[in-house]
2 protein chains.
Amino acid sequence: MVDIVQRVGIKAPAAKVFAALSTVDGLAGWWTRSTTGSSKVGGTIAFRFQQPSGEEIGGFDMDVLELVPDQKVRWRVKGGPDEWVGTNIEFDLSPQDGYTIVRFGHRNWREENEFMGHCTTKWATFLLSLRDLVETGRGKPAPEDQKISNWH
Amino acid sequence: MVDIVQRVGIKAPAAKVFAALSTVDGLAGWWTRSTTGSSKVGGTIAFRFQQPSGEEIGGFDMDVLELVPDQKVRWRVKGGPDEWVGTNIEFDLSPQDGYTIVRFGHRNWREENEFMGHCTTKWATFLLSLRDLVETGRGKPAPEDQKISNWH
């Protein structure tokens, strides 16, 4: 099993970061505008991605496993690309030097491969979109997300 | 042993990307302006990072292990933070859909930790700086690099 791990710092209280990770509106503000479902523990969130033309590219369904206010969000991938199904995604928040530090993990990939590399770089751009949303009120969720290659 | 892997696509011929990865001037245009040494196989490249004030923050010394024109660059870290020493860094280039695809690996970390998470996100910003340099002539090397947290 292999993991993607990342770390960003956001100049805002943990409660604001947690809201952006634990509500449908918050998630729609930095990852993909097409976010629906229930973001409570036991619920399922549906993330979908479209071309600017409206054509659907794909998406993920996440079961919400754990929410610890201002500290932790944890999901399991129930639907999406085969490589993602069964993996876990988690966000751990902690204060440091006036920042809320986000330690991100996308864990339990079955193998390291090129698609995992793509997802690593793409997650970095989305974590910086999360930061921009929380710090400035404006993220870059899909379909306005930063393109990094022929794979979107 | 754990690895960081990433993937970006650059709209330019592989020769231009290879030049940005295999020459001191190229590397200084996207990673850190303070790049010196020999970028030939058997040489050592010294990367240093400064505050805008000029104060040195740290750096890395890389032995150049392999250069395959327009295809591959591979280094081993000889000096730098303890977590980096002995790790390998590689860039594999291949054409796809009009892009030069860069598959990046920073391999053989002894363990997954918070610093590795920081380096993952930071590498993503530098790989996009590499892309910008090759596509537009202007990257964001340190000290003008994108800050991602209290750790720089």
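The rules behind the values
Residues numbered from 1 in each chain as written. Chains lettered and ligands numbered in written order. Predicted model: local features only at pLDDT ≥ 70, side-chain atom pairs only at ≥ 80, totals over all residues. Heavy atoms only, no water. Helix = DSSP H or I, 4+ residues; strand = E, 2+ residues; numbered from the N terminus. Contact = heavy atoms within 4.5 Å. Areas by Shrake-Rupley, 256 points an atom, 1.4 Å probe, with all protein chains shown as cover. Least-squares fit on C-alpha atoms with pLDDT ≥ 70 in both. Buried < 20%, exposed > 50% of the residue type's maximum accessible area, 1.4 Å probe, protein only. Expected span 1.5 Å × (residues − 1). Polar contact = N/O pair within 3.5 Å; in protein donor to acceptor, adjacent residues only side chain to side chain. Axes fitted to C-alpha atoms, helices over the stretch in contact; angles between N-to-C directions. Parallel < 35°, antiparallel > 145°, perpendicular 65-115°, else oblique. Left-handed = near helix turned anticlockwise from the far one by under 90°. Pairing = 2+ DSSP bridges. 1 Å grid on protein atoms, 1.4 Å probe; cavity = no way out; pocket = protein on both sides within 12 Å on 5 of 7 lines; lining within 4 Å. Points joined across faces, edges and corners; volume = space filled by probe spheres on them.

A. Local environment of the overall build of chain A. Along the backbone of chain A there are 3 helices and 7 strands. Ordered by position from the N terminus, the helices and strands of chain A form the series β-α-α-β-β-β-β-β-β-α. Taking contacts inside chain A between residues at least 6 apart in sequence as the whole, the part at least 24 apart equals 48%. As presented, chain A carries roughly 6400 Å² of accessible surface, and 48% of it is formed by carbon and sulfur atoms.

B. Structural context of the relation of the copies chain B and chain A. When chain B is brought onto chain A, the operation consists of a screw motion whose angular component is 180° and whose axial shift is 0.0 Å, with 0.0 Å RMSD remaining. Taken together, the rotation angle and the small translation identify this as a two-fold axis. Using C-alpha coordinates, one finds that chain B approaches the rotation axis most closely at B:Ala124, a distance of 3.1 Å. Interface overlap between copies is the fraction of interface residues in one copy that are interface residues in the other; for chain B against chain A it reaches 100%, indicating a shared surface.

C. Up close: the environment of A:Lys40. Take A:Lys40: it is sitting in the loop between strand S2 (34–37) and strand S3 (44–50). Sequence separation between A:Lys40 and A:Val24 is 16 residues; the distance between their C-alpha atoms is 9.7 Å.

D. Structural context of the environment of B:Ile4. Residue and element names in this part refer to chain B. Note on placement: Ile 4 falls in strand S1 (residues 2–10). Classification of Ile 4 as buried rests on a relative accessible area of 2%. Expressed as a C-alpha distance, the spacing of Ile 4 and Trp 109, which sit 105 residues apart in the sequence, is 8.4 Å. Ile 4 has contacts with Phe 104, Gly 105, His 106, Trp 109, Met 116, Cys 119, Thr 120 and Trp 123, leaving out every residue within four places of it along the chain.

E. Spatial organisation of helix H3 (residues 114–136) of chain A. Residue and element names in this part refer to chain A. Under the 1.5 Å per step criterion, the end-to-end length of H3 is 33 Å for 23 residues, consistent within 8% with the ideal 33 Å. Here H3 starts with a cap whose side-chain oxygen sits 3.2 Å from the backbone nitrogen of Phe 115, and that cap is Asn 113. Backbone geometry just downstream of H3 places Gly 137 in the positive-phi region, at approximately 90°.

F. Molecular detail of the packing of helix H1 (residues 14–22) of chain A against H3(A). All names here are of chain A. Where H1 contacts H3, the axes come no closer than 10 Å and their chain directions differ by 125°. Of the possible angle classes, the one that applies to H1 and H3 is oblique. Seen from above, H1 lies across H3 with right-handed handedness. Judged by residue contacts, Lys 16, Val 17, Ala 20 and Leu 21 of H1 engage Leu 130, Leu 133 and Val 134 from H3.

G. How the structure looks around unusual backbone geometry. With an omega of 10°, the peptide bond between A:Ala142 and A:Pro143 qualifies as cis. Among the structural elements, A:Pro143 can be located in the segment after H3. Its identity as a non-glycine residue notwithstanding, B:Asp70 has a phi of 65°, on the positive side. With respect to the helices, strands and loops of the structure, B:Asp70 is situated in the loop between strand S4 (56–68) and strand S5 (72–79).

H. Fine view of the sheet that holds S4(B). Residues and elements named next belong to chain B. Taken in spatial order, the 7 strands line up as S1-S7-S6-S5-S4-S3-S2 in an open sheet, and their pairing is antiparallel. Of all the strands in the sheet, the pair left with one neighbour each is S1 and strand S2 (34–37). Direction aside, the axes of adjacent strands within the sheet are offset by 25° on average. Bridge count for strand S6 (residues 88–96) against strand S7 (residues 99–109) is 9 bridges, and the pairing is antiparallel. Its bridge partner lying in S7, Asp 92 is registered against Arg 103.

I. Looking closely at empty space enclosed by the protein. For the structure on display, the rule yields 1 cavity of 30 Å³ or more. In this structure, the largest cavity spans a volume of roughly 50 Å³. If you go around the largest cavity, the residues you meet are A:Asp3, A:Ile4, A:Val5, A:Met116, A:Thr120, B:Asp3, B:Ile4, B:Val5, B:Met116 and B:Thr120. Put simply, the parts of the chain that give the lining of the largest cavity at least two residues each are strand S1 (2–10) and H3 of chain A together with S1 and helix H3 (114–136) of chain B.

J. Structural view of the pairing of S1(B). Residue and element names in this part refer to chain B. The element S1 is largely enclosed, with a buried count of 8 among its 9 residues. Across 8 bridges, S1 lies against S7 in antiparallel orientation. Bridged to Val 2 within S7 is Trp 109.

K. Fine view of the environment of A:Val77. All names here are of chain A. With respect to the secondary-structure elements, Val 77 resides in strand S5 (residues 72–79). A relative accessible area of 2% places Val 77 in the buried class. For the pair Val 77 and Phe 60, spaced 17 residues apart in sequence, the C-alpha separation works out to 6.9 Å. Discounting residues that sit within four places of it in the chain, Val 77 has contacts with Asp 61, Met 62, Trp 84, Val 85, Gly 86, Thr 87 and Ile 89.

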